[in-house]
Amino acid sequence: MITKIILITGATDGIGKVAAKTMAKQGHTVIIHGRNQNKAQRPLMYLHHCS
């Protein structure tokens, strides 16, 4: 499988959050971006757990 580096904006909620989790589960490197740093902590912890 070819892994990619993926930037997802709006990864703290909704579709962006689900997309980030899905890509991480598939083994890709995911970079998340959101306006609220506190809200980004939960998806970030999940992504670290997936890797």
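This structure is a prediction, so every number in the text was calculated from the model and none was measured. (Residues numbered from 1 in each chain as written. Predicted model: local features only at pLDDT ≥ 70, side-chain atom pairs only at ≥ 80, totals over all residues. Heavy atoms only, no water.)

Trainee: I'm lost on the nonpolar core in this one. Help?
Mentor: The tendency in soluble globular proteins is for nonpolar side chains to be buried as a group. Counting residues in each nonpolar core, the largest one holds 9 residues, listed as I6, I8, A11, A20, A24, V30, I32, A40 and L47. Apart from the residues lying within four places of it in its own chain, the contact partners of A40 are T12 and I32. (Core = buried A, V, L, I, M, F, W, Y, C linked by side-chain atoms within 4.5 Å. Buried < 20%, exposed > 50% of the residue type's maximum accessible area, 1.4 Å probe, protein only. Contact = heavy atoms within 4.5 Å.)

Trainee: Just checking my understanding: could you explain helix α1 (residues 14-25) for this structure?
Mentor: Think of an α-helix as turning once every 3.6 residues; residues three or four places apart then point the same way. Between its first and last C-alpha atoms α1 spans 17 Å; for 12 residues at 1.5 Å apiece the expected length is 16 Å, and the two agree. Looking at α1, one finds that the buried residues are G16, A20 and A24. Along the axis of α1, the buried positions cluster into a sector of 65°, meaning they face one direction only. Within α1, the exposed residues directed more than 90 degrees away from the buried face are I15, V18 and K25. Of the surrounding secondary structure, the elements contacted by the buried residues of α1 are β1 (5-9), β2 (29-33) and α2 (37-50). Where α1 terminates, the next one or two residues include G27, which has phi positive at roughly 95°. (Helix = DSSP H or I, 4+ residues; strand = E, 2+ residues; numbered from the N terminus. Expected span 1.5 Å × (residues − 1). Arc of directions from axis to C-beta.)

Take it as geometry only, folks, not as evidence of what the structure does.
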